[in-house]
Amino acid sequence: MSEQSPPPGSQPRPPIDPPRDAPPPPPAYMPLAAPPAGRSALAKTLSSMLLALLAISLLANVYLAIIVSALTAAGPREAVYSPGDKDHRVVILPIVGLINDDTHTFVRQSLLALREDVPRAIVLRIDSQGGHMGASDRIFAEFERFKADMAEQGSTVPIVASFGALAASGGYYVAMPADVILAERTTLTGSIGVMAPGFTVDRLLEKVGVTPEVITSDNSPEKDRFGIHRPWTDEDRDRRRQMLEPAYERFVEVIAHGRADLSDEQIRAAASGALFTAAQARDRELVDDLGYLHDAIALAAERAGVPGEVTPHVTRLQVRRGFAPLRLLGLAGGDT
């Protein structure tokens, strides 16, 4: 295209200067952020409370899991007493302290476990002043059933009783399933008999000016026979003795079963409630010999046919120990 000439009569345009450089833009900058609004004291308090509740909830769940685990743990466990050949295992089953329903439960669960994993021999370690007649008799029955079950399986598990410082009353009773009884030289044993302590508070009530009134129905006049609010009569005492006689006869029967070589006269002469030293008990044939726990272990291994050159593997049954805070709360057991 050709360049157009200006129209006639018009003034020529002055030449256009080349454009100047544009001024540089102002330097870039970031706008300052507004400071955060301060939290109120109430919001801070609520946050702290929520965090504390969360921590408490987590801790409670942990403790709950521990409690459930402790309460559902299966039976006693075996702890190594002295290591040896595991093909020749001797198990110590302890009965320590007051004999009660908890003791019976421990023995029952222990024998159930030993049925599943039969040892070569059992050492019944007793250090007890006795306790409840019913619990002692149930423990005796548990051992008799265990021995019968082993016989049905065609196996024999020797049981050796080892007396500690004290094996009296029920502590002697529960030793009767043993094949052999060893007592330490300082053992006290015996106290063969039955008693039922009682008390009355009539004189105390009289001192404080209280007059008790106890009414029985017409058809149950014996209901108040052994009440504590009045003095006992000779008839009351005679009735209580009559109630104890079956338990005493059962005690004598159990000893006759466990100490078959003793005559009835020998048993009843010893069953006077008296305590005997170890030597006196041996003279009366209430124990077989004097010896300590290691002697009982060696004798048990010998009776089980463990070769003399073999060291048996000895374990000790004990209640599973729970988490320490549970023991403080009484929710987990220690050694029986």
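Placed above this text is the structure.
Residues numbered from 1 in each chain as written. Predicted model: local features only at pLDDT ≥ 70, side-chain atom pairs only at ≥ 80, totals over all residues. Heavy atoms only, no water.

Help me understand unusual backbone geometry, please; the structure alone is not making it clear to me.
What is expected of a backbone is that most residues other than glycine have negative phi and most peptide bonds are trans. Even without glycine at this site, Ser 191 takes up a positive phi of about 55 degrees. Its place among the elements puts Ser 191 in the loop between β6 (188–190) and α5 (202–208). The phi dihedral of Glu 285 falls on the positive side, at around 60 degrees, and the residue is not glycine. With respect to the element layout, Glu 285 can be found in the loop between α8 (278–283) and β8 (289–290). A relative accessible area of 37% places Glu 285 in the partly exposed class. (Helix = DSSP H or I, 4+ residues; strand = E, 2+ residues; numbered from the N terminus. Buried < 20%, exposed > 50% of the residue type's maximum accessible area, 1.4 Å probe, protein only.)

I keep staring at the environment of Phe 140 and nothing clicks. Help me out?
Structurally, Phe 140 can be placed in helix α3 (residues 133–152). For the pair Phe 140 and Ala 178, spaced 38 residues apart in sequence, the C-alpha separation works out to 9.8 Å. Apart from the residues within four sequence positions on either side, Phe 140 is in contact with Tyr 173, Met 176, Pro 177, Arg 250, Val 254 and His 257. (Contact = heavy atoms within 4.5 Å.)

Help me understand the packing of helix α2 (residues 101–116) against α3, please; the structure alone is not making it clear to me.
The relative placement of two packed helices is expressed as an angle between their axes plus a distance between the axes. Taken N-terminus to C-terminus, the directions of α2 and α3 make an angle of 10 degrees; their axes are 9 Å apart at the nearest point. As the angle between them shows, α2 and α3 are arranged roughly parallel. Contacts between α2 and α3 involve Asp 101, Thr 103, His 104, Val 107, Arg 108, Leu 111, Leu 114 and Arg 115 from the former and Ala 135, Arg 138, Ile 139, Glu 142, Phe 143, Arg 145, Phe 146, Asp 149 and Met 150 from the latter. In the contact of α2 with α3, the residues fall into 8 nonpolar, 2 polar and 7 charged. (Axes fitted to C-alpha atoms, helices over the stretch in contact; angles between N-to-C directions. Parallel < 35°, antiparallel > 145°, perpendicular 65-115°, else oblique. Nonpolar A, V, L, I, M, F, W, Y, C, P; charged D, E, K, R; others polar.)

When you look at the environment of His 257 in this model, what are you seeing that I'm missing?
Mapped onto the fold, His 257 is located in helix α6 (residues 234–258). Its relative accessible area of 45% is what places His 257 among the partly exposed residues. Along the backbone, His 257 and Met 176 are 81 residues apart, and their C-alpha atoms lie at a distance of 7.3 Å. With sequence-adjacent residues up to four places away left out, His 257 is seen in contact with Phe 140 and Glu 144.

Looking at this structure, I do not really get the side chain of Ser 128. What am I missing?
For Ser 128, the location among the structural elements is in strand β3 (residues 121–128). At 3.0 Å, the side chain of Ser 128 and the backbone nitrogen of Gly 130 are in polar contact. (Polar contact = N/O pair within 3.5 Å; in protein donor to acceptor, adjacent residues only side chain to side chain.)

Where do I start with the layout of surface pockets in this structure?
Empty space within the second largest pocket amounts to approximately 310 Å³. What lines the second largest pocket is a set of 17 residues, and nearest its centre among them are Gly 131, Ser 169, Gly 193, Val 194 and Met 195. Considered class by class, the residues forming the lining of the second largest pocket number 8 nonpolar, 9 polar and no charged. (1 Å grid on protein atoms, 1.4 Å probe; cavity = no way out; pocket = protein on both sides within 12 Å on 5 of 7 lines; lining within 4 Å. Points joined across faces, edges and corners; volume = space filled by probe spheres on them.)

Honestly, it's all geometry; don't read function into it.
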